[in-house]
Amino acid sequence: QVQLVESGGGLVQAGSSLRLSCAASGRTFSRYAMGWFRQAPGKEREFVAAIRWSGGYTYYADSVKGRFTISGDNAKNTVYLQMNSLKLEDTAVYYCALDRGSGYDYWGQGTQVTGSS
């Protein structure tokens, strides 16, 4: 089994920064990639960013490119999402997910990020 635990969410002013963390435990040895997704009220869950453990390749949604940075710490089995220049529309529940090679099949419980003006 795999457990993913997100942390770091909160209430932030527009223009400020926040860093989310996602710690993975359990049978993560066959992890292929980890990603961040978000779901705003009344909207579908959407992709935010992902990182492939082999090679460190990163991928971003256009809406966050240049503002968000995903990174990973192999030794800690943790992935981070550094969010800068936050906008009100970044308000959402952020989820991390693990892809072991055939899609994202493990998800965390989510952490709330709320922007304020």
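Refer to the structure presented above.
Residues numbered from 1 in each chain as written. Predicted model: local features only at pLDDT ≥ 70, side-chain atom pairs only at ≥ 80, totals over all residues. Heavy atoms only, no water.

Asks: Explain the pairing of strand E7 (residues 68-73) here, please?
Replies: Side-chain positions along a regular strand alternate between the two faces of the sheet. Two strands pair when backbone bridges link them, and E7 and strand E8 (residues 78-83) are joined in this way by 6 bridges, in the antiparallel orientation. Residue pairing in the sheet places Gly-72 in a bridge with Val-79 of E8. Following E7, the chain reverses through 4 residues before pairing antiparallel with E8; Asn-77 in that reversal takes a positive phi of roughly 50 degrees. (Pairing = 2+ DSSP bridges. Helix = DSSP H or I, 4+ residues; strand = E, 2+ residues; numbered from the N terminus.)

Asks: Help me understand the packing of aromatic side chains in this model?
Replies: For the structure shown, the criterion picks out 4 aromatic pairs. Considering the side-chain rings of Phe-37 and Phe-47, the 5.7 Å spacing of their centres and the 75 degrees angle between planes classify their relative orientation as edge-to-face. Of this pair, Phe-37 sits in strand E4 (residues 33-39) while Phe-47 sits in strand E5 (residues 46-52), placing them 10 residues apart in sequence. Judged by its relative accessible area of 10%, Phe-37 falls in the buried class. Judged by relative accessible area, Phe-47 falls into the partly exposed class, the value being 30%. Geometrically, the ring pair formed by Tyr-104 and Trp-107 is tilted, given 6.3 Å between the ring centres and 55 degrees between the ring planes. Of the aromatic side chains, those joined through ring pairs into one cluster are Phe-37, Phe-47, Tyr-104 and Trp-107. Taking the ring centre of Trp-107 as reference, the NZ or CZ of Arg-45 above it sits at 4.6 Å. (Phe/Tyr/Trp six-rings, centres within 6.5 Å; stacked < 30°, edge-to-face > 60°. Buried < 20%, exposed > 50% of the residue type's maximum accessible area, 1.4 Å probe, protein only. Lys NZ or Arg CZ within 6 Å of the ring centre and 35° of its normal.)

Asks: Could you clarify how one ought to interpret the nonpolar core in this entry?
Replies: Among soluble globular proteins, nonpolar side chains are generally buried collectively. In this structure, Leu-4, Trp-36, Leu-81, Met-83 and Tyr-94 are the most contacted members of the largest nonpolar core, which totals 28 residues. Elements represented by at least two residues in this core include exactly strand E1 (2-7), strand E3 (18-26), E4, E5, E7, E8 and strand E9 (92-99). Those residues within four positions of Leu-4 in sequence are excluded, and the remaining contacts are Cys-22, Ala-23, Ala-24, Met-34, Cys-96, Ala-97, Leu-98, Tyr-106, Trp-107, Gly-108 and Gln-109. (Core = buried A, V, L, I, M, F, W, Y, C linked by side-chain atoms within 4.5 Å. Contact = heavy atoms within 4.5 Å.)

Asks: Got a minute to help me understand unusual backbone geometry in this structure?
Replies: Most peptide bonds take the trans configuration, and most residues that are not glycine carry a negative phi. Even without being glycine, Asn-77 reaches a positive phi, approximately 50 degrees. Counting through the fold element by element, Asn-77 comes out in the loop between E7 and E8. For Ser-85, which is not a glycine, the phi torsion comes out positive at approximately 50 degrees. Structurally, Ser-85 can be placed in the loop between E8 and E9. We classify Ser-85 as partly exposed; its relative accessible area is 40%.

Asks: Any chance you could explain the side chain of Thr-78 here in plain terms?
Replies: For Thr-78, the location among the structural elements is in strand E8. One polar contact links the side chain of Thr-78 to the main-chain carbonyl oxygen of Lys-76, over a distance of 2.8 Å. Contact partners of Thr-78, with chain neighbours within four places excluded, come to Ser-21, Cys-22, Ala-23, Trp-53, Ser-71, Gly-72 and Asp-73. (Polar contact = N/O pair within 3.5 Å; in protein donor to acceptor, adjacent residues only side chain to side chain.)

Any functional reading would require information beyond the geometric quantities listed.
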